[in-house]
Amino acid sequence: LADEGARDETSPTNPLTAYARSKLGTERAVAELAAPDFRVTCLRFPTACGMSDRLRLDLVLNDFVASAVATKRIQILSDGTPWRPLIDVRDMARAIEWGIVRKQDQGGNYIAINAGRDECNIQVRGLAEAVAAVIPGVEISINENAQPDKRSYQVDFGRYRELAPDHQPQVDLTESITLLERGLEAIGFDEPDFRNSGFMRLRVLSDHRESGRLDDQLRWIPSKD
């Protein structure tokens, strides 16, 4: 939890969702594959954000920018106090490159590492305010009566800063917001109801399941054609 300070790689884990538990399970499984001739790097990314060719809007900052562009409103469902660390997709690519090229003395045969930077630990309210500072005329509403959000956390990225000095994040929050706004305008984005669109991963998965392209375990079903 955020009120207990930023967590590093040695801090106890407490996954609250099946998604988070799957991440830890994967780390433990691939750790067994590590060997001198097969280095394993598990990048513990913050919440992704930023413009991309295959855009997702079910991410907190992307959601806020899309709402601002389409409706000039940002609705925060929590009380705005939860902390979220963020990383732009371009900085994720830099970290992935580091994981590919890193040397033995940068973590050994196996490493699980928080990939990001300390400055990108930001409260949800602050994210909305940052969007409104870039996109004029945006109204922010906050649910002051919301129940506390347990998914509030800050992350210590000190080890990544030490081991990957040439692959540090370079995209700040304002740049991510600006490029998202420009990207959405470039594709003519104007979908107030985007949370029910193909920009949402869960919606896409549900459509694939309903059409028979995915089974109940989310495995792809080969076409009979």
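If you're wondering where the values come from, they're calculated on a predicted model, not measured in any experiment.

Notes on the environment of Glu-191
Alright, step 1. Position of Glu-191 relative to the elements: it lies in the loop between helix H6 (173–186) and helix H7 (201–210).
Alright, step 2. When the C-alpha positions of Glu-191 and Ile-76 are compared, they lie 18 Å apart, and in sequence the two are 115 residues distant.
Alright, step 3. Those residues in contact with Glu-191 that sit more than four places away from it in its chain are Ala-70, Ser-197 and Phe-199.

Overview of the packing of helix H2 (residues 60–71) against helix H4 (residues 124–134)
Alright, step 1. Closest axis-to-axis distance for the H2/H4 pair is 10 Å, and the angle between their directions is 40°. In this structure, the crossing between H2 and H4 has a hand that is right-handed. Residues Val-60, Leu-61, Phe-64, Val-65 and Ala-68 of H2 form the contact with H4, whose own contacting residues are Val-124, Leu-127, Ala-128 and Val-131.
Alright, step 2. Grouping the constituent residues of the contact of H2 with H4 by class yields nine nonpolar, no polar and no charged.

Remarks on the pairing of strand E5 (residues 110–114)
Alright, step 1. Of all five residues making up E5, four are buried, and the element is well covered by its neighbours.
Alright, step 2. As paired elements, strand E1 (residues 40–44) and E5 share five bridges and run parallel to each other. The partner of Cys-42 across the bridge, within E5, is Ala-112.

Brief notes about the nonpolar core
Alright, step 1. Counting residues in hydrophobic clusters, the biggest one holds 28 residues, and the most contacted among them are Leu-61 and Val-131.
Alright, step 2. Elements supplying a minimum of two residues to this core: H2, strand E3 (73–76), H4 and H6.
Alright, step 3. Sort the elements by how many residues they give to this core and H2 lands first, with six residues.
Alright, step 4. Judged by nonpolar contacts, the second largest core, of eight residues, contains Ala-95, Trp-98, Ala-115 and Tyr-160.

Here's the deal with the packing of H4 against H6
Alright, step 1. Here H4 crosses H6 at 60°, and the two axes come no closer than 10 Å. Judged on the interaxial angle alone, H6 and H4 are oblique. The element H4 and its partner H6 pack so that their crossing is right-handed. The segment H4 lies against H6, with Leu-127, Ala-130, Val-131 and Val-134 engaging Leu-173, Thr-174, Ile-177, Thr-178 and Glu-181.
Alright, step 2. Within the contact of H4 with H6, the residues separate by chemical class into six nonpolar, two polar and one charged.

Things to note about unusual backbone geometry
Alright, step 1. In the Ramachandran plot, Lys-72 falls in the positive-phi region, its phi being about 65° despite a non-glycine side chain.
Alright, step 2. The topology assignment puts Lys-72 in the loop between H2 and E3.
Alright, step 3. Residue classification places Lys-72 among the partly exposed positions, given a relative accessible area of 39%.
Alright, step 4. At Leu-218, a residue that is not glycine, the phi angle is positive and equals roughly 65°.

Comments concerning the pattern of salt bridges
Alright, step 1. As enumerated under the stated definition, the model contains nine salt bridges in all.
Alright, step 2. In this structure, Arg-44 engages Glu-27 in a salt bridge whose closest nitrogen and oxygen atoms are separated by 2.8 Å. In this pair, Arg-44 is assigned in strand E1 and Glu-27 in helix H1 (residues 18–31), connecting sequence segments 17 residues apart.
Alright, step 3. Relative accessible area serves as the criterion here: at 23%, Arg-44 is assigned to the partly exposed category.
Alright, step 4. Two residues, Asp-216 and Arg-209, come together in a salt bridge whose shortest N-O distance is 2.7 Å.
Alright, step 5. A relative accessible area of 61% places Asp-216 in the exposed class.
Alright, step 6. Bridged by salt links that share partners, the residues Asp-88, Arg-90 and Glu-175 form one connected network.

A look at a nonpolar patch on the surface
Alright, step 1. Nonpolar side chains collect at one region of the surface, where Ile-96, Ile-100 and Val-101 lie side by side and expose about 290 Å² of accessible area between them.
Alright, step 2. One can find Ile-96 in helix H3 (residues 89–101).
Alright, step 3. Ile-96 gets classed as partly exposed once you look at its relative accessible area, which sits at 42%.

So, the packing of aromatic side chains
Alright, step 1. Summed over all chains, the structure comprises three aromatic pairs.
Alright, step 2. An angle of 75° between the planes, with centres 5.8 Å apart, marks the rings of Phe-189 and Phe-199 as edge-to-face. Here Phe-189 is found in the loop between H6 and H7, whereas its partner Phe-199 is found in the loop between H6 and H7, with 10 residues between them in sequence. The residues Phe-189 and Phe-199 share a single accessibility class, namely buried.
Alright, step 3. Ring pairing ties together the aromatic residues Phe-189, Phe-194 and Phe-199, which thus form one cluster.

Criteria and cut-off values
Residues numbered from 1 in each chain as written. Predicted model: local features only at pLDDT ≥ 70, side-chain atom pairs only at ≥ 80, totals over all residues. Heavy atoms only, no water. Helix = DSSP H or I, 4+ residues; strand = E, 2+ residues; numbered from the N terminus. Contact = heavy atoms within 4.5 Å. Axes fitted to C-alpha atoms, helices over the stretch in contact; angles between N-to-C directions. Left-handed = near helix turned anticlockwise from the far one by under 90°. Nonpolar A, V, L, I, M, F, W, Y, C, P; charged D, E, K, R; others polar. Buried < 20%, exposed > 50% of the residue type's maximum accessible area, 1.4 Å probe, protein only. Pairing = 2+ DSSP bridges. Core = buried A, V, L, I, M, F, W, Y, C linked by side-chain atoms within 4.5 Å. Parallel < 35°, antiparallel > 145°, perpendicular 65-115°, else oblique. Salt bridge = Lys/Arg side-chain N within 4 Å of Asp/Glu carboxyl O. Patch = residues over 30% accessible without salt bridge, like charges linked within 9 Å, V, L, I, M, F, W, Y side chains within 5 Å. Areas by Shrake-Rupley, 256 points an atom, 1.4 Å probe, with all protein chains shown as cover. Phe/Tyr/Trp six-rings, centres within 6.5 Å; stacked < 30°, edge-to-face > 60°.

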